[in-house]
Amino acid sequence: MSSDARTVASPRKLILHIGSDKAGSTALQMHLAANRDLLSRQGVYLPKIGGAGVTGHHGALLQDFNAESIADLVSEIDERPLDDIVLMSWEGIHILGEEPLQRLRSVFEGCSFHIIFYIREQADVIQSGYLQQVKSQEKSALSIFADIDQSPANRDYYQTLKKFERIFDGCTSDVVLYHRENFPEKNIVYDFFQRLTGAIDFREVTTYKSEINTSLSLQDVYALAQMEDLHPELLQDDNRGLKSRVIDLLLSGNVVTPRDLPAQFLDREQVERIRAFFRQSNLSLVREYGVDATLLSGQRPVWRDEAHAAPGDVADLDFCTQELDNVLKLARTPYMDKDSRARYDIP
C-alpha cells in the first residue's frame, strides 16, 4: 500500500488511452468493459471507479477528479499487484488542460507512463466530429455549417503529444493512424489489445459484430434540419428526449427515402486549407513518432464532389413533409406495435 492516499504505490506502469474522438474510442471502451477479466489475467488492470467497469472509460472520474475520487482510485489500484499495468481510457484526456493532467500525474508519482493515441486526418475527423455534435444534440442541425472551426487546437496532434511529454516526463507513445486496413484482421480492438498486452489470442476476446456509436449521415442531418424548421419545438431543451428519439429513428436508416448525398460537406478548397494548416505538424508526427505517412499524402478525397451543392437553407431541402411528419409521429409514440417496429427495423 502507498503511504499517501493521494499517490499510488510505485513503481507501476500507467497506460493512458487518450483518444482521439471519432477514432474507435467507443468501440475500444465497450470491449475493454467486456474483456476486463481477460485483460486482468494478462496483467492489465482497468480501474472500475467512476463506472468504468461498465462503460470502459474514465470520463466521469476525470471530469470530477477531486480529493475523494483520487483517494478511491488510489485505494482500488493499491489492491492490485505492483507488476499489474494500470490502464485508463477516455478520448477526452487529450483535450484536458495542464492543471488536470498535472493532478493525474501526481497520483502516479514514481510510475512510468505510456500513451496510446489513435488519430484521424484532420479534414476528415473535423467533419465527422461536427456530425457527431448534431447527434449528441449539442448543436441544431444546420448550425454545424455556420460555425465550423477549420483549425481547432485539439486537432494539432503533435502539440498534444508534446504537452503530454512535458507533464508525464519520460513517457513513451504509440501514435496510430486510424485506418482499418492497417489493423490485425481489420479490427482496431485487436490492434489495441495487442498494444496493451504484447500478445493476445484473439479467439479469447469477446467482440461485438454490430457497428458501435454510428454517426449521423449528411442525409440524416439534412432531414433533421428540415424537421427543426417545420417543428421548432424540437429545439427546446424540454424536448431533448423527443429529439433523441427522432435521431434514433433516422439512424435506423429506414424512415426517409435515401438521397444521393455525399459523406462530407466541406468543399475541396476548404479541405486543402485544413491540410495546409496542419501539414507541418503532421510532418513532425511522421518524422518523430513514425506515424503512417499517408496522413500527409492528401490523396484520400474527404470533400464533397462538385455534383453536390454546398449546404444551403432548409428551404433548399426536398424531403417529403409527410415522410418527416411520420418520423415525428413515431418518435412521439411511446409504444409502437410489432408491425411498426418491424417496418422501421426498430428494436
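Now for a description of the structure that goes with this document. Note that this is a predicted model, so its numbers are computed, not measured. (Residues numbered from 1 in each chain as written. Predicted model: local features only at pLDDT ≥ 70, side-chain atom pairs only at ≥ 80, totals over all residues. Heavy atoms only, no water.)

1. What about the overall build of the protein?
Inference 1: Summing up its helical and strand segments, the protein has 16 helices and 5 strands in all.
Inference 2: Counted over contacts in the protein with a minimum sequence separation of 6, partners at least 24 positions apart contribute 80%.
Inference 3: Accessible surface, the protein: about 16,700 Å² in total, of which carbon and sulfur atoms supply 46%. (Helix = DSSP H or I, 4+ residues; strand = E, 2+ residues; numbered from the N terminus. Contact = heavy atoms within 4.5 Å. Areas by Shrake-Rupley, 256 points an atom, 1.4 Å probe, with all protein chains shown as cover.)

2. Quick look at the sheet that holds strand β5 (residues 172-177)
Inference 1: One open sheet holds the 5 strands; their spatial order is β2-β3-β1-β4-β5, and the pairing between them is parallel. Looking at strand neighbours, the two that pair on one side only are β2 (44-45) and β5, the edges of this open sheet.
Inference 2: Here β2 runs beside strand β3 (residues 85-89); their pairing, made up of 2 bridges, is parallel. Looking at the pairing, Val 44 lines up with Ile 85 of β3.
Inference 3: Helix α10 (residues 188-197) contacts β1 (13-17), β2, β3, β4 (112-119) and β5 of the sheet and is inclined by roughly 165° relative to β4. (Pairing = 2+ DSSP bridges. Axes fitted to C-alpha atoms, helices over the stretch in contact; angles between N-to-C directions.)

3. Section: the packing of aromatic side chains
Inference 1: Going through the model one piece at a time under the given rule, you end up with 10 aromatic pairs.
Inference 2: On the numbers, 6.1 Å between centres and 85° between planes, the contact of Tyr 118 with Phe 183 is edge-to-face. One end of the pair, Tyr 118, is in strand β4; the other, Phe 183, is in the loop between β5 and α10, with 65 residues separating them in the sequence. One exposure class covers both Tyr 118 and Phe 183, and it is buried.
Inference 3: Between Tyr 118 and Phe 192, the aromatic rings sit 6.2 Å apart at their centres with planes inclined by 65°, giving edge-to-face as the arrangement. With Tyr 118 in strand β4 and Phe 192 in helix α10, the pair connects residues that are 74 residues apart, well separated along the chain. (Phe/Tyr/Trp six-rings, centres within 6.5 Å; stacked < 30°, edge-to-face > 60°. Buried < 20%, exposed > 50% of the residue type's maximum accessible area, 1.4 Å probe, protein only.)

4. Details of the nonpolar core
Note on soluble globular proteins: their nonpolar side chains tend to be buried together.
Inference 1: Counting 40 residues, the largest nonpolar core has Leu 16, Met 88, Phe 108 and Leu 285 as the members making the most contacts within it.
Inference 2: For this core, the leading source of residues is helix α9 (residues 157-167), giving 5 residues.
Inference 3: Excluding residues within four positions of it along the chain, Leu 285 makes contact with Ile 119, Tyr 157, Tyr 158, Leu 161, Val 175, Gly 290, Val 291 and Leu 295.
Inference 4: If you look at the next biggest cluster of nonpolar residues, it comprises 36 residues, including Leu 234, Val 246, Leu 249 and Val 255. (Core = buried A, V, L, I, M, F, W, Y, C linked by side-chain atoms within 4.5 Å.)

5. Structural notes on the packing of helix α6 (residues 98-107) against α9
Inference 1: Contact geometry for α6 and α9: axes closest at 10 Å, N-to-C directions at 45°. Here α6 lies oblique to α9, going by the angle between them. Crossing angle aside, the handedness with which α6 passes α9 is right-handed. Contacts from Glu 98, Leu 101, Gln 102 and Arg 105 of α6 reach α9 at Lys 163, Phe 164, Arg 166 and Ile 167.
Inference 2: Of the residues assigned to the contact of α6 with α9, the class counts are 3 nonpolar, 1 polar and 4 charged. (Parallel < 35°, antiparallel > 145°, perpendicular 65-115°, else oblique. Left-handed = near helix turned anticlockwise from the far one by under 90°. Nonpolar A, V, L, I, M, F, W, Y, C, P; charged D, E, K, R; others polar.)

6. Concerning the environment of Leu 295
Inference 1: Counting through the fold element by element, Leu 295 comes out in helix α14 (residues 294-297).
Inference 2: For Leu 295, a relative accessible area of 5% gives the class buried.
Inference 3: Each C-alpha atom of the pair Leu 295 and Arg 275 lies 9.6 Å from the other, and the pair is 20 residues apart in sequence.
Inference 4: Once you skip the residues sitting within four places of it in the chain, Leu 295 turns out to touch Ile 119, Glu 121, Gln 122, Leu 177, Asn 282 and Leu 285.

7. With respect to the side chain of Lys 163
Inference 1: Take Lys 163: it is sitting in helix α9.
Inference 2: It is Glu 98 that comes nearest to the buried, bridge-free Lys 163 among opposite-charge side chains, at 7.2 Å. (Lys, Arg positive; Asp, Glu negative; His and termini not counted. Salt bridge = Lys/Arg side-chain N within 4 Å of Asp/Glu carboxyl O.)

8. What to know about the packing of helix α11 (residues 218-230) against helix α15 (residues 321-331)
Inference 1: At their nearest, the axes of α11 and α15 sit 10 Å apart, and the two run at 85° to each other. Taken together, the axis directions place α11 and α15 in an arrangement best described as roughly perpendicular. Of α15, the residues touching α11 (which contributes Ala 223, Gln 226, Met 227 and Leu 230) are Thr 321, Leu 324, Val 327 and Leu 328.

9. Side note on the pattern of salt bridges
Inference 1: Here the structure, examined in full by the defined rule, presents 19 salt bridges.
Inference 2: One salt bridge connects Lys 162 with Glu 288, and the closest N-O pair in it is separated by 3.1 Å. Pair noted here: Lys 162 is in helix α9 and Glu 288 is in helix α13 (residues 268-289), with a separation of 126 residues, a long-range link.
Inference 3: Lys 162 gets classed as partly exposed once you look at its relative accessible area, which sits at 22%.

10. Brief notes about helix α7 (residues 122-135)
Inference 1: Taking 1.5 Å per residue, 14 residues should reach 20 Å; α7 reaches 20 Å between its end C-alpha atoms and fits that length.
Inference 2: Where burial is concerned, most of α7 is hidden: 13 out of the 14 residues are buried.
Inference 3: Taken from the residues just after α7, Gln 137 is the one with a positive phi, measuring 65°. (Expected span 1.5 Å × (residues − 1).)

11. Looking at the pairing of β3
Inference 1: Counting buried residues along β3, 5 of its 5 residues qualify, which places the element largely inside the surrounding structure.
Inference 2: On β3, burial covers both faces: Ile 85, Leu 87 and Ser 89 on one face and Val 86 and Met 88 on the other are all buried.
Inference 3: Pairing between β1 and β3: 5 bridges, direction parallel. The residue of β3 that forms the bridge with His 17 is Ser 89.

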